[in-house]
Amino acid sequence: MTSRIDQILSAARERLQRLEATDVPAALRRGAILVDIRPAAQRAAEGETSAALVIERNVLEWRLDPTSDARLPQAKDHDVEWVVLCQQGYTSSLAAASLLDLGLHRATDVAGGYQALAEAGVLAELTPGR
């Protein structure tokens, strides 16, 4: 029997056009914004990329909703392409689906998360200015 959370995760992923790790550099070049939702302790332990905007999961929707008083300057409209990143690509799928619910129709996540970026060897390509 499939757990309820696995069912929810599967339904969330059906709504997303998930990016493979190797597709992330091209997405950033076209203007997508990579958002790292991992907690500070996890970023410190596992590594991070300076190309990502860090927004911890508990405030994500408020910071990216263009109608929110707590939005970030990058959340200028509903057409921003947001690419959500977590450690392994599970929490990010749920978070990206939540962004879709806010009307942010270009939200997605990275399949395999930060771990996949590291394993694919693309972290160096994510350095700003490259």
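First things first, this report covers the structure right here in the doc. Please read all numbers here as calculations on a predicted model, not as lab measurements.

### Considerations on the sheet that holds strand β4 (residues 108–109)
Inference 1: Spatially, four strands are ordered β2-β1-β3-β4 in an open sheet, and the strand pairing comes out parallel. Two strands lie at the open edges of the sheet, namely β2 (53–54) and β4, each paired on one side alone.
Inference 2: Relative to β2, strand β1 (residues 33–36) is paired through two bridges, and the arrangement is parallel. Bridge pairing in β2 links V35 to L53.
Inference 3: Where helix α5 (residues 91–101) meets the sheet, its contacts fall on β3 (82–85) and β4, and the angle it forms with β3 comes to roughly 150°.

### Considering the pattern of salt bridges
Inference 1: One pass over the structure, following the stated rule, counts nine salt bridges.
Inference 2: Note that D101 is salt-bridged to R15, the shortest N-O span being 2.7 Å. Of the two residues, D101 is situated in helix α5 and R15 in the loop between α1 (4–14) and α2 (24–29); the sequence distance between them amounts to 86 residues.

### Overview of the environment of L123
Inference 1: Among the structural elements, L123 can be located in the segment after α6 (113–120).
Inference 2: Classification of L123 as partly exposed rests on a relative accessible area of 23%.
Inference 3: Excluding residues within four positions of it along the chain, L123 makes contact with T49, Y114, L117 and A118.

Reading the values: the criteria
Residues numbered from 1 in each chain as written. Predicted model: local features only at pLDDT ≥ 70, side-chain atom pairs only at ≥ 80, totals over all residues. Heavy atoms only, no water. Pairing = 2+ DSSP bridges. Helix = DSSP H or I, 4+ residues; strand = E, 2+ residues; numbered from the N terminus. Contact = heavy atoms within 4.5 Å. Axes fitted to C-alpha atoms, helices over the stretch in contact; angles between N-to-C directions. Salt bridge = Lys/Arg side-chain N within 4 Å of Asp/Glu carboxyl O. Buried < 20%, exposed > 50% of the residue type's maximum accessible area, 1.4 Å probe, protein only.

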